[in-house]
Amino acid sequence: MKVLFASTSEDPDHWLPGLQALLSEDEFVQEPGPDVEVALVANPPPGTFERLPNLKLVQSLWMGVEKLLADPAVPASVPLARLIDPGMVAAMTETVLAHVLDWHRHHFRYRAQQAERRWRPLPQFLAGDRTVGVLGLGALGADAAQALRAHGFRVVGWSRRKKNVVGVESSTDLSEILRKSSVIVCLLPLTEQTMGILNSEHLNLLPDGSCVINVARGGHMVEKDLLAALDSGKLSHAYLDVFEPEPLPPEHPFWTHPKVTVTPHIAALTEPRTSIPKIVANIERVRRGAKPEGLVDRSAGY
Ligand code: NAP
C-alpha cells in the first residue's frame, strides 16, 4: 500500500523510520499521487488532496481535527480519523494534575510572594474540599478526571451524552457543573457549539475565587471576559496553554497578568513512539477493510 506523509508542521524524520520499520511492505511517500490509499496529515501543504483520487483514509497526526474539518479541500467522502495517542493522553493528564495541584496547594501565590520576599503561609485545603469540573469527558478528559479522582478531588464532568467514568459525576447540564466547580478544566473539541464557551455568562456561574485551566483550544475562550473575571476577583487564576492566534503576540496582556500562567501550547504533544503503533493499526484496518479507530463524526464536528 502507498501511504502519503503530508505535513508542514511535523518532521518526517520523527515518523517515517518508525512507520517503515513496522510496515516494511508498504511504501511511504511525501508527494501525493494516484496510488496513495492512506494520507497521514498535520497541516498538509496546500493542494495535497487534489492529487489523491484513490484515498481510503485521512489519518490525522494530531488529536484535534478542527482545522481539517474546516478545510474544504479535505474530501468529505473519505473517512477522517483523529489520532488517539496514549503518550499524549498521559502527557495531558500530567499537565492537568500539575495545574490543579499548583492552584490547590497555592504555589501560584507563593511564587508571587517569593518575588516580594513575603513569608505568608496560606490556609490548607484537603483535595476533597475541591470540586474539579472537567468540560469534555472524551479520550483526554476522562483520563484526567480519573487521575484527579485518584488524588482525592471531587470530580464532575460535562459531555454531550452522559458518561460512565468511575468516581466521576457525569452531567449534560453545564450550569450545574459550573456552579459546583472551584476549578474547571476545558478539554472540549472546538466546534460551532463550543466556540467561545468560556465566556462571562458561564464564568460568572463559578464560585468566587475559582480557577480556569484551558488546555483545549484558544477559540473556547472569550479573552476579554476572562480578563474581566480575573480583574474582578471572580477568578483567582487562569492556566492557559492555547490561544487564538498562536503564538500569543508579545504585546498581549496575558503575558504579564499576575493571575495568568501562560504555556506555549505544550500541554500534550504528539508522541511518535506511542502513536506510530496506533497509526499502523489503522493502516492495517484499511488493508483488511475494517473500520478505522478514531473516526471523526463530521456532523458533530469532532
Ligand atoms: P474527544 O475524545 O473527541 O472528546 C470530546 C469530549 O467533549 C466528549 O466527551 C464530548 O462529548 C464532549 N463534547 C463535545 N462537544 C460537546 C458539546 N457541545 N457539549 C458538551 N460536551 C461536548 O476529544 P479529546 O481527544 O479528549 O480531545 C479534546 C480536545 O483537546 C481536542 O479536540 C483538542 O482540541 C484538544 N487538545 C489539546 C492539546 C494541547 O496540547 N493543548 C493536545 C491534544 C488535544 P461526548 O462524550 O458526549 O461525545
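So, how was this worked out
- Residues numbered from 1 in each chain as written.
- Predicted model: local features only at pLDDT ≥ 70, side-chain atom pairs only at ≥ 80, totals over all residues.
- Heavy atoms only, no water.
- Helix = DSSP H or I, 4+ residues; strand = E, 2+ residues; numbered from the N terminus.
- Expected span 1.5 Å × (residues − 1).
- Buried < 20%, exposed > 50% of the residue type's maximum accessible area, 1.4 Å probe, protein only.
- Contact = heavy atoms within 4.5 Å.
- Pairing = 2+ DSSP bridges.
- Core = buried A, V, L, I, M, F, W, Y, C linked by side-chain atoms within 4.5 Å.
- Near = heavy atom within 4 Å.
- Polar contact = N/O pair within 3.5 Å; in protein donor to acceptor, adjacent residues only side chain to side chain.
- Areas by Shrake-Rupley, 256 points an atom, 1.4 Å probe, with all protein chains shown as cover.

1. Considering helix α5 (residues 139–150)
Piece 1. Taking 1.5 Å of rise per residue, 12 residues should cover 16 Å, and α5 covers 17 Å from first to last C-alpha, within 8% of that figure.
Piece 2. Every buried residue of α5 is accounted for by L140, G141, A142, A144, A145, A147 and L148.
Piece 3. Summarising the contacts, the buried residues of α5 are in contact with α3 (86–104), β6 (131–135) and β7 (154–158).
Piece 4. G152 sits one or two positions beyond α5 and adopts a positive phi of about 95°.

2. Looking at the sheet that holds strand β2 (residues 27–29)
Piece 1. Across the sheet, which stays open at both edges, the 5 strands sit in the order β2-β1-β3-β4-β5 with parallel pairing between neighbours. Single-partner strands in this sheet number two, and they are β2 and β5 (80–81).
Piece 2. As paired strands, strand β1 (residues 2–7) and β2 are joined by 3 bridges and run parallel to one another. Along β2, the bridge assignment pairs L4 with V29.

3. A word on the pairing of strand β4 (residues 57–60)
Piece 1. Residues L57 and Q59 line one face of β4 and the alternating positions V58 and S60 line the opposite face, and both faces are buried.
Piece 2. As paired elements, strand β3 (residues 36–42) and β4 share 4 bridges and run parallel to each other. Its bridge partner lying in β4, L40 is registered against Q59.
Piece 3. As judged from the 2 bridges shared by β4 and β5, these two strands associate in the parallel manner. Its bridge partner being in β5, Q59 is matched across the sheet by A81.

4. Describing the nonpolar core
Piece 1. Core analysis: the largest hydrophobic core is formed by 32 residues, its most contacted members being V96, V100, L148 and V185.
Piece 2. When residues of this core are traced back to their parent elements, those giving at least two are α3, β6, α5, β9 (183–186) and β10 (210–214).
Piece 3. Examining the composition of this core, we find that 7 residues originate from one element, α3, more than from any other.
Piece 4. In this structure V96 touches A144, L148, V185, L187 and V215, once residues within four positions along its chain are discounted.
Piece 5. Residues I177, C186, I197 and A238 belong to the second largest nonpolar core, which totals 27 residues.

5. Re the site of the ligand
Piece 1. Around the ligand, 30 residues are found, and the nearest of them are R82, L140, R161, K163 and Y302.
Piece 2. Note that an oxygen atom of the ligand is positioned 2.6 Å from one of the side-chain N or O atoms of R82.
Piece 3. A distance of 3.0 Å is found between an oxygen atom of the ligand and a backbone nitrogen or oxygen belonging to A268.
Piece 4. Bound to the protein, the ligand loses 94% of the 940 Å² it would expose on its own.

6. Digging into unusual backbone geometry
Piece 1. That bond from E244 to P245 is cis: its omega, 5°, falls within 30 degrees of zero.
Piece 2. If you trace the backbone, P245 turns up in the loop between β11 (235–240) and β12 (260–262).
Piece 3. Here the bond from E246 into P247 is cis, since omega is -5°, no more than 30 degrees from zero.
Piece 4. The phi torsion at H106 lies on the positive side, around 65°, for a residue other than glycine.
Piece 5. Along the chain, H106 falls in the loop between α3 and α4 (107–115).
Piece 6. Phi is positive for R117, close to 55°, though the residue is something other than glycine.
Piece 7. By the secondary structure assignment, R117 is in the loop between α4 and β6.
Piece 8. By relative accessible area, which is 83% here, R117 ends up exposed.

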